[in-house]
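# An overview of the molecular structure
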Amino acid sequence: MFKKKYLLLIISIVLMLAFSAYTFNYSYSEPALIRVVVDNQALKFDVPPINVNSRVLVPFRAISEALGAEVSWDEGTQVVTAKKGSTTIKLTIGDKIAHINNRSTTLDVAPQIINSRTLIPVRFISEGFGAEVGWDGSTQTVSISSKKETLKYTIKGIGLGASLDEVTKAYGAPKRIDDSEYGFKWYIFHQDYKSYAQIGIKDNRVVAIYSNSSDWDSKELNIGTDKTTVSSLLKDPIDRILKGNIYFLITEKDGYTVYRLDDSYLTVFFDLHNSNKVTSMMIIDKITEEAFVPSKPYPEGLSKAFELQAFDLANSIRVREGLSTLAWSDTAASSSLKHSVDMAVNSYFDHNNLKGESPFDRMRKEGISYSTAGENLAAGQQNAIFAHEGWMNSLGHREILLGSFKSLGVGVAFGGPYKVYYTQNYFTAR
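Okay, so let's go over this structure. If you're wondering where the values come from, they're calculated on a predicted model, not measured in any experiment.

## Focus on the overall build of the protein
Helices and strands together make up the secondary structure of the protein, namely 11 helices and 26 strands. Computed over its C-alpha atoms, the radius of gyration of the protein comes to 32 Å, more than 25% above the 22 Å expected for a compact globule of 430 residues. Summarising its shape, the C-alpha atoms of the protein cover approximately 135 × 45 × 40 Å along the three principal directions. By residue count, 47% of the 430 residues in the protein fall in the buried class. Taking the intrachain contacts of the protein between residues at least 6 apart in sequence as the baseline, contacts between residues at least 24 apart amount to 56%. Looking at the protein as shown, the accessible area adds up to about 21,900 Å², and 52% of this sits on carbon and sulfur atoms. Charge-centre separation for the protein: the mean point of 47 positive side chains lies 6 Å from the mean point of 47 negative side chains.

And the structure:
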């Protein structure tokens, strides 16, 4: 009797275990597939996203194109590239080091190839293009807000990070290549002073752009946009830039406003005598701008670049205003340079020198015979761009710059209390 009860008990336990195993298997389900939603639109992938060490990897081409980027693949180097506007992202299969423009960063998980598709970290690529990324663990959903921007800080399709080859395709050969106070080279472009642009190149990449032409790609922010609209588009300007551990103040703010973008600084110049409308813009790579220390002395060779740029800027704005261009005068440049050097060496700032000689006395001494003549001075401006824009916002200087002269010579000297001195001598030969 005892053996029967014991046997029945064993059979009962076995049946219970079998039933438990059965019910456990019956309720099992596969893990939910990871969903990726961009701007409320669910993406479809031929290879599903995967989770590696708590990082979601998705097919490179599909996510890049969904974010509006152009993509390319180099079989030889195993490098994938995505480009959108001024941002270029490069990743290498099996390598945790990725690149955004000229900056490198370390990924938690390296890109990998699965079923002939390259999978990359979704958060990195999305945030690299300025999108916001969210994760809902309960639904296994990645939500991406691409923050599609209407503003474009590019000119003729060229933005920060673009290659020199791309610049050449858009603009052709430069008129000249100048040094800059930043250490990069300014490539000067214009067609008879139309479509004037200075493109800053370092290591064959664009690190800066300045232009007073309407070739900027943004319709909302371009030459002629009023200051109120700019303020509503760009919100809060900055009044200082941190370089190392020192803040450098932005002191002259009437004629221009500086904005900090994600990876750059944008300076918008306004024409105070034309209803505060945008007259030109300059954008500089963040790393480049923050590495430049204004308090350091300029190399002597830079003065020639400033002289030629001041000449070009005068002609470019004259052409934009429907006026004739000025011819370069070596004699006027000699007169201008001597006065700039004199001001720097003797620490003064005035049209009349310490001997009491006026600009016209100095031009006559240089052998210039003129029917009309004029002079513009500036001191302390970081470069020729700021000097030029300052002249345009000073009514007397503006009248000379846009006056009915035929020739111009420019002289720039370093030193003295203002660090840099600019002189422009204008004249029409008798």
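And the narrative resumes.
## Focus: the nonpolar core
If you look at the biggest cluster of nonpolar residues, it comprises 46 residues, and the most contacted ones within it are Tyr210, Phe306, Tyr422 and Tyr426. With eight residues, the single largest contributor to this core is helix 7 (residues 302-320). Setting aside anything within four residues of it in sequence, one finds Phe306 in contact with Glu181, Tyr298, Gln382, Asn383, Ala384, Val412, Phe414, Val420 and Tyr422. Leu164, Ala197, Val230 and Leu266 belong to the second-largest nonpolar core, a separate cluster that totals 28 residues.

## Here we look at the sheet that holds strand 8 (residues 97-100)
The antiparallel open sheet is built from five strands, whose spatial order is 5-6-7-8-9. The sheet is open, and its two edges are formed by strand 5 (70-74) and strand 9 (103-106), each paired on a single side. Averaged over neighbouring strand pairs, the angle between their axes works out to 20° when direction is ignored. With five bridges joining them, strand 5 and strand 6 (residues 79-84) adopt antiparallel strand pairing. Each residue of the ladder has a partner; that of Ser72, found in strand 6, is Thr81.

## Topic: the environment of Asp342
Along the chain, the position of Asp342 falls in helix 8 (residues 330-346). Separated by 97 residues in sequence, Asp342 and Asn245 have C-alpha atoms that sit 35 Å apart. Apart from the residues lying within four places of it in its own chain, the contact partners of Asp342 are Ser347, Tyr348, Asn353 and Leu354.

## Considering the packing of aromatic side chains
All told, the structure shown has 18 aromatic pairs when counted by the stated rule. Aromatic side chains Phe184 and Trp186 sit 5.0 Å apart centroid to centroid with 85° between the ring planes, which places their arrangement in the edge-to-face category. When its relative accessible area of 2% is taken as the criterion, Phe184 is described as buried. On the basis of an interplanar angle of 85° and a centroid distance of 6.5 Å, the ring pair of Trp391 and Tyr422 is categorised as edge-to-face. Residue Trp391 is found in helix 10 (residues 384-392), and its partner Tyr422 is found in strand 26 (residues 419-429); the two are separated by 31 residues along the sequence. Members of the aromatic cluster, joined through ring pairs, are Tyr298, Phe306, Trp391, Phe414 and Tyr422.

## Considerations on the pairing of strand 4 (residues 55-59)
Burial analysis of strand 4 places four of its five residues in the buried class, the great majority of the element. For strand 3 (residues 50-52) and strand 4, the ladder comprises three bridges, and the chain directions are antiparallel. Looking across to strand 4, one finds that Asn51 is bridged to Val56. In this structure, the hairpin formed by strand 3 and strand 4 is closed by a connection of two residues, where Asn53 is found at a positive phi of approximately 55°. In terms of strand pairing, strand 4 meets strand 11 (residues 117-121) through three bridges, oriented antiparallel. The partner of Leu57 across the bridge, within strand 11, is Pro121.

## Re the side chain of Ser340
As for its placement among the helices and strands, Ser340 is situated in helix 8. In this structure the side chain of Ser340 is engaged in a polar contact, spanning 3.5 Å, whose partner is the backbone oxygen of Tyr421. Contacts of Ser340, omitting those with residues within four sequence positions, involve Gly411, Val412, Ala413, Tyr421, Tyr422 and Thr423.

## Considerations on helix 4 (residues 164-171)
Along helix 4, the residues that are buried comprise Leu164, Val167 and Tyr171. Projected down its long axis, helix 4 carries its buried residues within an arc of 55°, all on one side. Residues of helix 4 that are exposed and point over 90 degrees away from its buried face: Asp165 and Lys169. Just past helix 4, the residue Gly172 takes up positive phi, approximately 85°.

## Here we look at the packing of helix 7 against helix 10
Viewed as axis vectors pointing N to C, helix 7 and helix 10 meet at an angle of 40°, and their least axial separation amounts to 9 Å. The orientation of helix 7 relative to helix 10 falls into the category oblique. Both helix 7 and helix 10 take part in a crossing whose hand is right-handed. Listed contacts from helix 10 to Phe306, Gln309, Ala310, Leu313, Ala314 and Ile317 of helix 7 are Ala384, Ile385, His388 and Met392.

## Observations concerning the sheet that holds strand 10 (residues 112-114)
Overall, antiparallel pairing links the four strands, which are arranged 3-4-11-10 in an open sheet. Across the chains shown, the open sheet's two edge strands, defined by having one partner strand only, are strand 3 and strand 10. Within the sheet, the average angular offset between the axes of one strand and its neighbour, ignoring direction, is 40°. Alignment of strand 10 against strand 11, held across three bridges, turns out to be antiparallel. Across the sheet, residue Ile114 finds its bridge partner in strand 11, namely Arg117.

About the thresholds
- Residues numbered from 1 in each chain as written.
- Predicted model: local features only at pLDDT ≥ 70, side-chain atom pairs only at ≥ 80, totals over all residues.
- Heavy atoms only, no water.
- Helix = DSSP H or I, 4+ residues; strand = E, 2+ residues; numbered from the N terminus.
- Rg over C-alpha atoms; globule rule 2.2 N^0.38 Å.
- Buried < 20%, exposed > 50% of the residue type's maximum accessible area, 1.4 Å probe, protein only.
- Contact = heavy atoms within 4.5 Å.
- Areas by Shrake-Rupley, 256 points an atom, 1.4 Å probe, with all protein chains shown as cover.
- Lys, Arg positive; Asp, Glu negative; His and termini not counted.
- Charge placed at Lys NZ, Arg CZ, Asp CG, Glu CD.
- Core = buried A, V, L, I, M, F, W, Y, C linked by side-chain atoms within 4.5 Å.
- Pairing = 2+ DSSP bridges.
- Axes fitted to C-alpha atoms, helices over the stretch in contact; angles between N-to-C directions.
- Phe/Tyr/Trp six-rings, centres within 6.5 Å; stacked < 30°, edge-to-face > 60°.
- Polar contact = N/O pair within 3.5 Å; in protein donor to acceptor, adjacent residues only side chain to side chain.
- Arc of directions from axis to C-beta.
- Parallel < 35°, antiparallel > 145°, perpendicular 65-115°, else oblique.
- Left-handed = near helix turned anticlockwise from the far one by under 90°.

Such coordinate-based values are descriptive only and should not be taken to indicate function.
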